[in-house]
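Okay, here's what each chain looks like letter by letter:
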Amino acid sequence: MAKLKELLKHGQSIWYDYIHRDMFTSGEIKTLISKGVRGMTSNPAIFKNAVVGSDTYDTQIHALASAGKSIPEIYDALVIQDIRDACDALAGIYKKSDGEDGFVSLEVSPALAHDTAGTIVDAKRYHNLVARDNLMIKVPAAAQGLPAATELIAAGINVNVTLIFSNENYREVAEAYLAGLEKRAAAGDDLRTVASVASYFISRTDGLVDKELAEKGDEKLAGKISVANAKVAFSIYRQIFSGERWEKLAAKGARPQRLLWASTGTKNPEYSDILYVEELIGQGTVNTVPPVTLEAFLDHGTVADTAGKDLQQAQNQLQELADLGIDLDKITTRLQQDGIAQFVSAFEALMASIDEKKKAFCGEIDFGMASLGFYEMQIAGVFEEMKENHILQRLWSKDHTVWKDDPAEIANRLDWLDSPVEMQNNLQEINAFVEEVRAAGFEQVLLMGMGGSSMAPEVFRKIFGVRQGFPDLLVLDSTDPGAVLQCEAKLRLEKTLFIVSTKSGGTVETLSFFKYFYRKIAALKNEAAGKQFVAITDAGSKLHDLAENLSFRKAFLNNPNIGGRFSALSYFGLVPAALIGIDVAMLLEKSQAMAVQCRSREGNTGVWLGVVMGELAKAGRDKVTLISSESLQPFGAWIEQLIAESTGKEKKGILPVTTELLGRPENYLEDRLFISLKIAGENDNDEQVQALVAAGHPVVQFSLPDITALGAEFFRWEIATAVACRCLAVNPFNQPDVEAAKNQAKEIVADYLAKGELPKPGLLFEEDGIAVFADSGAGTLKELMQEFFSRAETHGARAYVALQAYLTPTDKTDAGLRQLATNIRDKTKLATTFAYGPRFLHSTGQLHKGDAGHGLFLQLTATAATDAKIPDEENADTASMSFAVLKAAQQMGDKKALTTKGRLVFTLDLGIKPVDNLQRLSEKIFEK
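These numbers come from a predicted model, not from an experiment.

Chemist: I'd like to hear about unusual backbone geometry, residue by residue, with values.
Modeler: Residue G837 is joined to P838 through a cis peptide bond whose omega torsion reads 5 degrees. Among the secondary structure elements, P838 is positioned in the loop between β21 (831-836) and α35 (845-850). Phi at S551 takes a positive value of approximately 55 degrees, unusual for a residue other than glycine. Tracing the chain through its elements places S551 in the loop between α25 (542-549) and β13 (554-558). One non-glycine residue, E650, adopts positive backbone phi at about 55 degrees. With respect to the helices, strands and loops of the structure, E650 is situated in the loop between α29 (635-647) and β15 (655-657).

Okay, here's the thing in structure tokens:
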């Protein structure tokens, strides 16, 4: 005990290079602290030995496995509990030393050693999950780890830069630390709250050097080079943390990055068992020792200032080594590479052990069951190719060349990978806003947006419902005047908070909704109207300017490097979710666990699903048909947009089929990939799914433990879609054909504003209240439909039908469309989708115009029973256009864009009774 206190007087702290849960339950940790231990370090090898070498963790593994947790989730739970316990045990030392000691080190995944962005994300994730001020994140000193260390220090995260073997590398590590402090100081942040150590590995150097000395027959330097190298490093440390540059930082409260001697257990039994402790005692250093070395030093160690002594002798020894022709730089480079590889191997062994224990406890728990038949070989081959080309690492490094050589609309669209961690930092802001809204007495929230701005909020509302005491959420994403007026009728305007949500800030539908409702509120409140409005947008957008000019209650400025359909786990999805009382922290925790899984080379269901979708699409199975249990059915609309708008371009694409009723195996062609998604315990579709498997259709099955796993599911499908696009060689993040329909609609609107009327399409014929507008020679509905479906024959199994319903959304209309789609599917075996327009223009619209042209399109319109004017500006009493006109322009514009692309489009107007005529059409369409 006295020796460690004496060491402290000489400026050196002893940390303990070991961790095991038994230490906390047995009281061993308290004993160690009483002896003078002032910190702890861990690494993958230590955790592997703890978990594999005992049954201490088995009960927790069993419980987590039974709860359906993945292997990465189980690993996180085990490690985080141990690290938190260690941090709590050392919290007193941390406080008494004013943040000098009391730290516990936790290493990021060693697989990320050469992945800067991945290291930063993983470090921030653990920083948030452990949530202890005395946590220190270990980052390898590899070239890619150094900029990560800089960013983490700048962010105020304590860093242990590890696996340093050479003095040149040590200089780089110190520079990375200083750069991080300077970046933090420039941002005006407190330098006193961040600490770092540089872990210089000692004994392993002697191991390799001694071997080469023996080969040369000259062993007088044996057992001396590790210490000599470290003493030179100590002299560099004293040089770096003095002088003008350092004094400027120190004046602002910065702490030196202490040298930490690591790997100080003696490997050669001929050397002193405390060689690497006694010879390296110096002011401002740490020595992290394994248990056996600590006991040896307490028994017979001597305390004296040694690290700063005999520097010239150390330098001479290094020169003598070079004169013998032994390249120390080459040795230390190899040692760092080997060290990373050893930690990777230990980590993989640990994960394999957890997997074995999990299977032993619970049997084979596989939440990604698949029946893929002969496609398995094809998929296995793709995985080998991806491994050879480091696709997973490059994806997480945000390398645009995963998809295209041109970085346009890729390099600036990849920050969704960071959302699970990034949004953790914004939870306080979101939660404070929710409490403000509740305190203000708002009873309802109306979100106005299109596509990626509205899909996730709608999913959250339909699946989770509304927590008691929180406002209800309505979503408006249709310019159909009936939909607008129905929405208005449900609102108590004075008690409604309006969210205007658009990434670009200029989406015409969203701004039309805004102008309509702002005018309503302004008529009630005059100057205070802005306090009922909230913006979610990118900084500098038109909506951002509006929010400032009209004094909105709040403007959430999203990360601009996230595209709309990948924004579910950003402000666009999470602010509305929080407003209805969803535990957003839980969603992010689940999504973080999935992000960890989607970085892993093993058990990576996101990448696997993406390869399955992409490769089967290339093989002709390009209709991804979602089979959702009842509780998860709303999720399909979000998946539909994500897949369709991401993959449907360059004459390629995957058609998501999410609205069909589940049929019998004989109802389908060999163009389907079925994906079953359910909550564990639900079995409403199990029998039909097994029938599809038995019939030889490829089927993938996912089972979620509960609805809180939805956050993870968003992330899994985002990764899968990005990977599928890589298989198809398309850019997942652009939408080149969406603009075509917009431009056509703009021309029609401009023409309307100039002439006061819309173009009048040529009427082909009218039958039973259904007016037909089509380029056809048919004279009856029967003839028209015969011509329509005959075109499918030219496309073979790739054909599909899309019902584009420019109708007022109602439950009865839903039922009518679903029945019509089912009839078409059952009669023709063609995949048949339906969606409301113009909403689908921000979803499947890109696929319809960008794929290989196999779609057949039925536009279904109706006569508007009512209409609503769109104010020219938010405060204007004048209106040059109505929602009915805008909707009609969008319908006509899309038709023109489709026909320009060579697609077959027939328009059927269902008159003033669209529901009745839907039923009539469903009956007559295959009339004999």
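There's more to say after this.
Chemist: Please set out the sheet that holds strand β12 (residues 533-538) residue by residue, giving values where relevant.
Modeler: On the basis of which strands lie adjacent, the open sheet formed by five strands has the order β10-β9-β11-β12-β13 and parallel pairing. Edge positions in the sheet fall to β10 (472-476) and β13, since each has one partner strand and no second. Across this sheet, the average inter-strand angle for adjacent strands is 20 degrees, counted without regard to direction. Two strands pair when backbone bridges link them, and strand β9 (residues 444-449) and β10 are joined in this way by five bridges, in the parallel orientation. Among the inter-strand pairings, L446 is bridged to a residue of β10, identified as L474.

Chemist: Break down helix α4 (residues 44-52) for me, with residues and values.
Modeler: Every α-helical turn comprises 3.6 residues, leaving residues that sit three or four positions apart pointing alike. Regarding α4, the residues found buried are P44, I46, F47, A50 and V51. The buried residues of α4 occupy one face: seen down the axis, they fall within an arc of 160 degrees. Two to three positions downstream of the cap, the backbone nitrogen of A45 sits 2.9 Å from a side-chain oxygen, assigning the N-cap of α4 to N43.

Chemist: Before we move on, could you go through a negative patch on the surface and cite the residues and values that matter?
Modeler: Side chains of E168, E172, D327 and D329 sit close together on the surface and give a patch of like negative charge. Its location among the elements puts D329 in helix α17 (residues 328-362). Owing to a relative accessible area of 54%, D329 belongs among the exposed residues under this scheme.

Chemist: Tell me about the pattern of salt bridges, and please be specific about residues and values.
Modeler: Using the criterion set out here, one finds 52 salt bridges in the structure. For R839, the salt bridge identified is with E458, shortest N-O distance 3.1 Å. Taken together, the residues R839 in the loop between β21 and α35 and E458 in helix α22 (residues 455-464) connect sequence positions 381 residues apart. An identical accessibility class is assigned to R839 and E458; each is buried. Salt bridges here are not isolated pairs; linked through shared partners, they connect D622, K623, E660, D671, R672, R798, R825 and D826.

Chemist: So, the sheet that holds strand β5 (residues 196-201): which residues are in play, and what are the values?
Modeler: Here seven strands make up an open sheet; going across it, the order is β1-β7-β6-β5-β4-β3-β2 and the pairing parallel. Each edge of the sheet is formed by a strand with only one pairing partner; in this case those strands are β1 (12-16) and β2 (104-107). Neighbour-to-neighbour, the strand axes of this sheet turn through a mean angle of 30 degrees, independent of strand direction. As paired elements, strand β4 (residues 159-164) and β5 share four bridges and run parallel to each other. Its bridge partner being in β5, I164 is matched across the sheet by Y200. Its contacts with the sheet place helix α9 (residues 145-154) against β3 (135-140), β4 and β5, and it is angled at close to 165 degrees to β4. Lying over the sheet, helix α12 (residues 225-240) contacts β5, β6 (258-262) and β7 (285-289), oriented at roughly 165 degrees with respect to β6.

Rules and cut-offs
- Residues numbered from 1 in each chain as written.
- Predicted model: local features only at pLDDT ≥ 70, side-chain atom pairs only at ≥ 80, totals over all residues.
- Heavy atoms only, no water.
- Helix = DSSP H or I, 4+ residues; strand = E, 2+ residues; numbered from the N terminus.
- Pairing = 2+ DSSP bridges.
- Axes fitted to C-alpha atoms, helices over the stretch in contact; angles between N-to-C directions.
- Buried < 20%, exposed > 50% of the residue type's maximum accessible area, 1.4 Å probe, protein only.
- Arc of directions from axis to C-beta.
- Polar contact = N/O pair within 3.5 Å; in protein donor to acceptor, adjacent residues only side chain to side chain.
- Patch = residues over 30% accessible without salt bridge, like charges linked within 9 Å, V, L, I, M, F, W, Y side chains within 5 Å.
- Areas by Shrake-Rupley, 256 points an atom, 1.4 Å probe, with all protein chains shown as cover.
- Salt bridge = Lys/Arg side-chain N within 4 Å of Asp/Glu carboxyl O.
- Lys, Arg positive; Asp, Glu negative; His and termini not counted.
- Charge placed at Lys NZ, Arg CZ, Asp CG, Glu CD.
- Contact = heavy atoms within 4.5 Å.

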